[in-house]
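Residues per chain are reported as follows:
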Amino acid sequence: MADSYDVVILGAGTGGYSCAFRAADLGHSTALIEREKVGGTCLHWGCIPTKAFLQAAEVAEHAQDADSYGVRASFDGMDMPALVKFKNRIVEVNYKGVESSLKARGVDLITGVGRLKDARTLVVQTDEGERTITADKALVLATGSKPRGLPVEGAEVDGEQIITSDHAIYLGKAPQRPIVIGASAVGVEFATAFRGFGAEQITLIEALDAIVPQEDVDSSRALHRDFRRSGMKVMVGATVHKVEKGSDGVRVSMESGDSVEGDILLVAIGRRPVSEDMGLDDAGVTLDQGYVVVDEYCRTGLDWEGGAQYAVGDVIPTLGLAHASFQEGFLVAEHAAGQRVTPIDYAGIPRVYYCHPELASVGSTEQELSEQGVEFDKRLFPYSHNARAMMMKGTGHVKVLAGKHGGRVLGIHIVGAHATDLIAEGQLIYNWEALPSDVAQFIHPHPTLSEAIGEAHLQLAGRPLHG
């Protein structure tokens, strides 16, 4: 027998469960199908557990630097099993919270492996047997992603000497000489964590010419400087040629002839969509390098009378951020309900990196504006001029890009303590198309880090204070 629901969602990560929440709130009967655990990558292997590790690393850093604040403390190393327990508690509380919310909203959570039969029908293999489930208004693909492997000789992941982020959050001991390949979010965050854990030597390798290569040039340079000052070995423009494992560690050789050795290798070169072995091709879903191709409303192009197929989250080629998939989930649920929705402006979604110092941005980078031929003004307000940042020994800056001659704000880029929190104001400024002169009227409390945002806009408005 076929089970019929208004909305059927395959995958219960952030994109899937947010879509389920909104669809149920709009009065739709909703089924959410998941082969593992509700919460997906973000909750169990990504955002939440890694930030728990980074919080512990920050505490460790404070202990190591306590004397300079007049505090008597000592750092005696990491108790990794205790840290893993701490991380697991945070994950478990959030996991149970999501499950409770699904139940409270009347969403049917089905544990099983789903495969597309056609555009609107799934065949789900559960412990109790096979079920056929049909969507009347929307079938949503939210199957997520998994870490990419490194396609070079000897780099096969074994979960012990050569690991991904999935393994790193279960480490039994803190590595002393970790090598990290890939310097985007996952790479710089784990390099930061290892530094806080007391590693003797950290090597960060990036094939492109800059770390966090998608970010503004000044943000990349500032983070690079901080990493090197901390003693980290940072190699950019370095292409890995071969990996060799030995009884005492790992050797990574570059095409340039250089090589580095460490006790563990973390492959952090991004994530790939999970779209294989689910019948997507047979059902007519268009794929591009594994990603599901969608329009501005997240539709795959497979429709039926009264309904349509959609895709959200890491399986589509957008930002790959949990908060972006939340927005996609809501958009799909509302679009399927016949509500008027506005396509997502992905440039207006904050991009965040929880390394130390933190990095966050919204809008365009200087490189992008230059490539597009857009004339702009820019101002960079350093953390060294901010009293609160001085107290925190904070390095970094707030950089604002705006249209020439007083035009709207086009990009905000922050490197420094609490950048990932401060960017919330940047998002409002960018998305409301504010002028620097508008923001210059805001009153930022003193002394706070938020003043750096105000001061950068004051400079652009021709009313500098401390700059």
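Coordinates for the structure precede this section.
The residue numbers shown here count from 1 along each chain, following its written sequence. Side-chain atom pairs in this predicted model are given and counted only at pLDDT of 80 or more, local residue features only at pLDDT of at least 70, and totals for whole chains, interfaces and linings cover all residues. Based on all heavy atoms of the structure, the side-chain values leave hydrogens and waters out of the count.

Engineer: Help me understand the environment of Arg225 in this model?
Structural biologist: Here Arg225 is to be found in helix 7 (residues 217–229). Only protein chains enter the accessibility calculation, which uses a 1.4 Å probe; a residue is then buried when its area is under 20% of its type maximum, exposed when over 50%, and partly exposed in between. Given the relative accessible area of 45%, Arg225 is considered partly exposed. Helical segments are the DSSP runs of H or I of at least four residues, strand segments are the runs of E of at least two, and each set is numbered from the N terminus.

Engineer: Would you take a moment to explain helix 11 (residues 419–431) for this structure?
Structural biologist: Three- or four-residue spacings in an α-helix give side chains the same orientation, since the helix completes a turn every 3.6 residues. Here helix 11 is 13 residues long and its end C-alpha atoms lie 18 Å apart, about the 18 Å a rise of 1.5 Å per residue gives. Fitting one axis to the seven residues ending at a residue and another to the seven starting there, the bend at that residue is the angle between the two axes. Along helix 11, the sharpest kink reaches roughly 30 degrees, centred on Glu425. Among all positions in helix 11, only Ala419, Thr420, Leu422, Ile423, Gly426, Ile429 and Tyr430 are buried. Residue contacts are counted whenever heavy atoms from the two residues lie within 4.5 Å of one another. If you follow the buried residues of helix 11, they end up packed against strand 21 (351–353), strand 22 (359–363), strand 25 (409–415), helix 12 (436–439) and helix 13 (451–460). Backbone geometry just after helix 11 places Glu433 at a positive phi near 55 degrees. By definition here, a helix of n residues has an expected span of 1.5 Å times n minus one.

Engineer: Any chance you could explain the side chain of Thr143 here in plain terms?
Structural biologist: Considering the arrangement of structural elements, one finds Thr143 in the loop between strand 6 (129–141) and strand 7 (145–147). What makes Thr143 buried here is its relative accessible area of 18%. At 2.6 Å, the side chain of Thr143 and the backbone oxygen of Val274 are in polar contact. Beyond its immediate sequence surroundings of up to four residues, Thr143 is in contact with Leu10, Val274, Met278 and Val315. Pairs of N or O atoms within 3.5 Å make up the polar contacts considered here, provided that, within protein, one atom can donate a hydrogen while the other can accept it, and that residues adjacent in sequence are counted only when both atoms are side-chain atoms.

Engineer: What am I meant to see in the sheet that holds strand 13 (residues 249–254) here?
Structural biologist: Sheet strands line up and pair through hydrogen bonds in the backbone, either parallel or antiparallel. Spatial ordering of the open sheet is given by 12-13-14, a layout of three strands whose pairing is antiparallel. Unpaired on one side and paired on the other, strand 12 (240–246) and strand 14 (259–262) mark the two borders of the sheet. On average, each strand axis in the sheet is tilted by 15 degrees relative to the strand beside it, whichever way the strands run. Where strand 12 and strand 13 come together, six bridges link them in antiparallel fashion. Bridging from a neighbouring strand, Val240 pairs with Met254 of strand 13. The rule for pairing is simple: two strands pair if DSSP sees at least two bridges between them. For helices, the fitted axis covers only the stretch in contact; all axes are lines through C-alpha atoms, and the angles between them, taken along N-to-C directions, range from 0 to 180 degrees.

Engineer: Is there a simple way to think about the nonpolar core in this case?
Structural biologist: The nonpolar side chains of a soluble globular protein tend to be buried with one another. In plain words, nonpolar cores are sets of buried Ala, Val, Leu, Ile, Met, Phe, Trp, Tyr and Cys residues tied together by side-chain atoms within 4.5 Å. One finds Leu102, Val140 and Leu141 to be the most contacted residues of the largest nonpolar core, which totals 58 residues. If we ignore the near neighbours within four places in the chain, the residues touching Leu102 are Tyr17, Ala20, Phe21, Leu32, Val38 and Val107. Formed by 37 residues, the second largest nonpolar core is a distinct cluster that contains Phe53, Ala199, Ile202 and Leu223.

Engineer: How should the packing of aromatic side chains be read in this particular structure?
Structural biologist: Any two aromatic rings considered together are summarised by their centre-to-centre distance and by the angle between their planes. Here the aromatic set is Phe, Tyr and Trp, taking the six-membered ring for Trp, and pairing holds for ring centres within 6.5 Å; pairs whose planes are under 30 degrees apart are stacked, those over 60 apart are edge-to-face, and all others are tilted. Scanning the model with the defined rule gives four aromatic pairs in all. When the centroid spacing of 6.0 Å and the interplanar angle of 65 degrees are considered together, the rings of Phe53 and Phe197 count as edge-to-face. With Phe53 in helix 3 (residues 47–64) and Phe197 in the loop between helix 6 (185–196) and strand 10 (203–206), this pair connects stretches of sequence that are 144 residues apart. The class for Phe197 is buried, based on a relative accessible area of 3%. Two conditions define a charge sitting above a ring: the NZ of Lys or the CZ of Arg must be within 6 Å of the ring centre, and it must be within 35 degrees of the ring normal. Here Lys393 stacks its cationic end above the ring of Tyr69, 4.8 Å away from the centre of that ring. The ring of Tyr430 has Arg408 lying over it, and the distance from NZ or CZ to the ring centre is 4.8 Å.

Engineer: Would you take a moment to explain the sheet that holds strand 23 (residues 376–382) for this structure?
Structural biologist: The five strands are arranged 21-22-25-24-23 in an open sheet whose pairing can be described as antiparallel. Two strands bound the open sheet, and with one partner strand each, they are strand 21 and strand 23. Here the strands of the sheet are splayed against their neighbours by 10 degrees on average, with no regard to which way each runs. With five bridges connecting them, strand 22 and strand 25 associate as antiparallel partners. Pairing of Val362 across the sheet is with Ile412, part of strand 25. Against the sheet, helix 7 engages strand 22, strand 23, strand 24 (397–403) and strand 25, with an angle of about 170 degrees to strand 24.

Treat this as a map of the structure, not an account of what it does.
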